[in-house]
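One letter stands for each residue in the lines below.
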Amino acid sequence: MHPRPERTEKLAQLTRQIHDGTISRRAFMARALALGLSVSASDTVFRTYRAGAQDQAENPITVTVGGTPIAAVETDLTNATPGGTFRFGRLEDSDVLDPVTTTLNTSIWYFMSIYDQLIRVAPDGISLEPSLAESWDISEDGLTYTFHLRPNVLFSDGTPLTSADVLYSWVRAANDPGQIWTFTLDAMKRDAEGQVEGITAPDDATVVVELAKPWVPFLSDVAMFNLSVISKAFAEGNEERLATECMGTGPFALGEFRAGEILTLVKNPHYWEEGLPLLDGVDVNLVPDDNARILQLQGGELDGIMDVPFNRVPELQADPNLKVYQFPSTYTRYILLNVREAPLDDVHARRALQYATDRQTLVDVVLFGNGIPATSFMPKGALYWNDTLEGYPYDLAKAQEELAQSATPDGFALELSTIAGFVSDESMATALKDMWSQIGVEVTISPLETSIFNEAFTNATFQAMSQYWTNDIIDPDELVGFAVLQESVQAFHTGWENAEAQDLTRQGAAESDPQKRKEIYFRIQEIHSEESPMLPLYYQPYLNVTTTQVHNFQHPPTGQYNWKTTWMEQG
Amino acid sequence: MNRGRYIVRRLALMIPVLFGITVVVFSLLQLIPGDPATTILGAHARPETVAALRHELGLDRPLWEQYLRYMQNVVTFDLGQSLKFKTSVGSLLPGRLEVTLALITYATVLTIAISLPLGIVSALRRNGIFDQVTRAFLMVTLVMPAFWVGILFLTFFSIRLQLFPVAGYGDGWQEHLHHLFLPALTIALSIAPLIVRALRTSILEGLGSDYVRTARAKGLREQAVVSTHVLRNALIPAVTLLGLSVGYLMGGTVIVENVFSLPGAGKLLVDAIAARDYPLVQSTTLVFAVLVILVNLGTDVIYTFLDPRVRL
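Residues numbered from 1 in each chain as written. Chains lettered and ligands numbered in written order. Predicted model: local features only at pLDDT ≥ 70, side-chain atom pairs only at ≥ 80, totals over all residues.

Enquirer: Mind showing me how you'd approach the confidence of the model for chain A here?
Expert: Residues shown with low pLDDT carry predicted positions that ought not to be read at fine detail. Residues and elements named next belong to chain A. Averaged over all residues, the pLDDT of chain A equals 88, while 90% of them reach at least 70. Mean pLDDT across the elements of chain A bottoms out in helix α3 (residues 39–58) (53) and peaks in strand β15 (residues 304–305) (97). This stretch, residues 51–57, has a pLDDT under 50; its non-local contacts, to residues over four places away or in other chains, come to 9 contacts. (pLDDT = per-residue confidence, 0-100. Helix = DSSP H or I, 4+ residues; strand = E, 2+ residues; numbered from the N terminus. Contact = placed C-beta atoms within 7 Å.)

Following this line, the structure appears as structure tokens:
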């Protein structure tokens, strides 16, 4: 085991304090200089982490009641009345509640209230905080991570958590052939048969991981759902039960999961955070019809709903008995361009499309105003989102100029693939068809059934395609790797190859200096924007609606609902 | 040939029909584009993970082997493992099937309860006020789509008047009856117009026929003429239509299941197809096929009670 590196640990502490705003610039500079950093390095580190905090202010949560904004997150819980079951309505069902073999957000966003990980994403959505691990050390060479578990944590059946449960859960997550979240475990050591090695539990309260290479996103990977800690006694030898049953340390335990009907969460009496959760339980009801779901909320049968069609938002905002929430998400919508063939292989043609896209109108028409025009392919407010990137303002003259420099100055025909029956896609594609016809680009909209759409995507048999992204981890490497690297997915299936961007991506995954990392990812976003293999359209918030009796409803950027501090007025 | 032997013969013939159906469904699933692994993994899928999942699901085996493996399981009543839910189809299907069958049965009962009196009275008081109002009303309910009628019922009877629950299936048969009433009524109102029409027409035909004139001449009271002679014959086309409608309802209840949030088999099948969940689609279709065949058999047997001329 490597000795604790004091400098790294202290610096990490200091950067957390900057971000939380609990340290002044002068105090930080004094300590950083004492640690041996240069003046300019200290200065940049400070500004980086402070800027991260400020980004949040520009991407706020908005909550309105009857059209009037109110305070978003209610941190004052003194008047909170505990108890009651929150009845929630959703559009799509969960598939599998096993953190390792699951594939759908509709499962993940709920079992994350049942399972904890060693680290979790902080409420701001761009930093990490301790969860089941109270603290951790990273070796100088970045290869060894030592996690110190929080003492006295119990599973919801009363059995104690030990490092053996973590070991079991992590080894299973790395080795199980049915799991698809392999990208997070790329850096782990593997033996000759491909089984993971290097994860050990020297005592009941410690877990050590030795990586095969330095991998800066590792802590974000630890916070991801596939490394949830499952009770070994519950699951070992009987792993099929995990599809429909859960045993975790989270604020809630699984009540029951009746597929097609309801998923219920019940308060975990042994939860390690004192006094939480406030609710007795959450009933997640499946209500597939949009109208029925809204009717049930308005009629008092439900306390909250998600999957709200955008065209109903104005009407719901006008209702004085309802709270309408817009939470910043990492949801970004793009048009992917297959750059392997003409005319899209010409960067000027692609830039012409960028300039000819009126993003604000798209937001108004498709999202009924509930969204933000996109500049970068990374989601707004995500870690290292380039806030200096201007993107392409709507400018038909510039669009014509770019097109004139391309191989097809008089325009061209373009096939745009969308998902059939998906209303947002349909209105977005129609609007784009109209916009792009102004520069001579004739769009044919091609609605495809979901399964066929996915095939066209993975086999890159599309010309232009409507797609979206949400982050699974806070580290930018997930999206950037997917959108830039050639291996596996050929740059989000666009076929784009740029040597500089690819090199920078690999560097970014190994670079531990936050300031250098920020510069790397800023540059990648610039290059991506210049070359435009994808047209970022807009950033879309998470829309939820509850009654006015519900308080402190939270939908964090990672999407995983946080019901811990939610409470309802009784009576 | 007596009825008992006829039924046994029909049931025996069911086996080759079902075999044929499994071949057709299996082939169709393979023919339509889209593959389960890619569909399950979605946008974030990498080729390595897709390949690994295909291998784990046995999708890279030759087609005849996949079919044979599925059939081997079916004859031992193992309906396979759902690709999407990762649990056995046998644990998923019965509960959902119960809801759909209860709904279809309830809808059939309501259809008969509505159609019989309306059809008879419309025929007997032909072109009167009752007949015209009934025809107009049923024309409207025939034309209005189920999801619209369903939402109307929900808004009015469930939310405003609070007479019925808004969603779900409930616990215990009393709650089931209560929860299923509005959905069953929605379905009944879309089938009843056809049955009423058919009944009305065939009753009118019967009333004008020779044997009825003979019966009247014989001195039978009008009521006896209608109930003993006319009705039994008039029911035959109506029963045919009803049997066909019920068969069509298997899997056709999806829209109503959607609107009323009922955890039924129709929605299960539609979602399974979209997810390319081959075992779930194949097994659910198989079960539906059995039920449709049984309904057809039932209809044919009912004929023999209605019309002595029908020889099985």
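Enquirer: When you look at unusual backbone geometry in this model, what are you seeing that I'm missing?
Expert: Only a minority of non-glycine residues have a phi that is not negative, and only a minority of peptide bonds are not trans. The linkage connecting L276(A) with the following residue, P277(A), adopts the cis geometry, with an omega of -5°. Tracing the chain through its elements places P277(A) in the loop between β13 (262–267) and β14 (281–286). In the segment running from A342(A) into P343(A), the intervening peptide bond is cis, with an omega of -5°. Topologically, P343(A) is positioned in the loop between β16 (322–337) and α10 (347–355). Located in the positive-phi region is K86(B), a residue other than glycine, with phi close to 55°. Tracing the sequence through the fold places K86(B) in the loop between α4 (63–75) and α5 (89–124).

Enquirer: Got a minute to help me understand the pairing of strand β21 (residues 534–547) of chain A in this structure?
Expert: As a general feature of sheets, a regular strand has side chains that alternate between the two faces. Residue and element names in this part refer to chain A. Most of β21 sits out of view: 13 of its 14 residues are buried. As defined by bridge partners, β15 adjoins β21 across 2 bridges and the pair is classed as antiparallel. Following the sheet pairing, G304 is matched in β21 by T546. Sheet analysis places β16 next to β21, joined by 12 bridges and oriented antiparallel. Directly across from Q326, in β21, lies its bridge partner L543. Sheet analysis places strand β17 (residues 372–373) next to β21, joined by 2 bridges and oriented antiparallel. Bridge pairing in β21 places P373 opposite Y538. (Buried ≥ 20, exposed ≤ 12 C-beta atoms within 10 Å, placed from the backbone. Pairing = 2+ DSSP bridges.)

Enquirer: What is the right way to look at the sheet that holds strand β10 (residues 199–203) of chain A in this model?
Expert: All names here are of chain A. Strand order in this open sheet of 4 strands is β6-β7-β11-β10, and the pairing throughout is antiparallel. Unpaired on one side and paired on the other, β6 (133–138) and β10 mark the two borders of the sheet. Across the sheet, the mean angle from the axis of one strand to that of its neighbour is 20°, orientation sign disregarded. Examined bridge by bridge, strand β7 (residues 144–149) and strand β11 (residues 206–210) share 5 bridges and lie antiparallel to one another. Bridged to T146 within β11 is V208. Strand contacts of helix α5 (residues 163–175): β7, β10 and β11, with the helix running at about 175° to β10, the strand carrying the most contacts. (Axes fitted to C-alpha atoms, helices over the stretch in contact; angles between N-to-C directions.)

Enquirer: Quick question: what am I supposed to make of the packing of α5(B) against helix α6 (residues 129–143) of chain B here?
Expert: For any two helices packed against each other, the geometry comes down to the angle between their axes and how far apart the axes lie. All names here are of chain B. Running from N to C, α5 and α6 cross one another at 135°; their axes reach a closest spacing of 8 Å. In this view, α5 runs oblique relative to α6, as classed from their interaxial angle. Every pair of crossing elements has a handedness; the one defined by α5 and α6 is left-handed. Counted together, L118, V121 and S122 of α5 and F130, D131 and T134 of α6 form the full contact between these two elements. (Parallel < 35°, antiparallel > 145°, perpendicular 65-115°, else oblique. Left-handed = near helix turned anticlockwise from the far one by under 90°.)

Enquirer: What is the right way to look at the pairing of strand β18 (residues 413–419) of chain A in this model?
Expert: Residue and element names in this part refer to chain A. As defined by bridge partners, β18 adjoins strand β19 (residues 442–448) across 7 bridges and the pair is classed as parallel. Note on β19: the bridge partner recorded for T418 is P447. Where the polypeptide runs from β18 across helix α13 (residues 423–437) and back to β19, its parallel neighbour, the crossover connection is right-handed. Relative to strand β20 (residues 464–469), β18 is paired through 2 bridges, and the arrangement is parallel. If you follow S417 over to β20, its bridge partner there is M465. (Right-handed = clockwise from strand over helix to strand, strands pointing away.)

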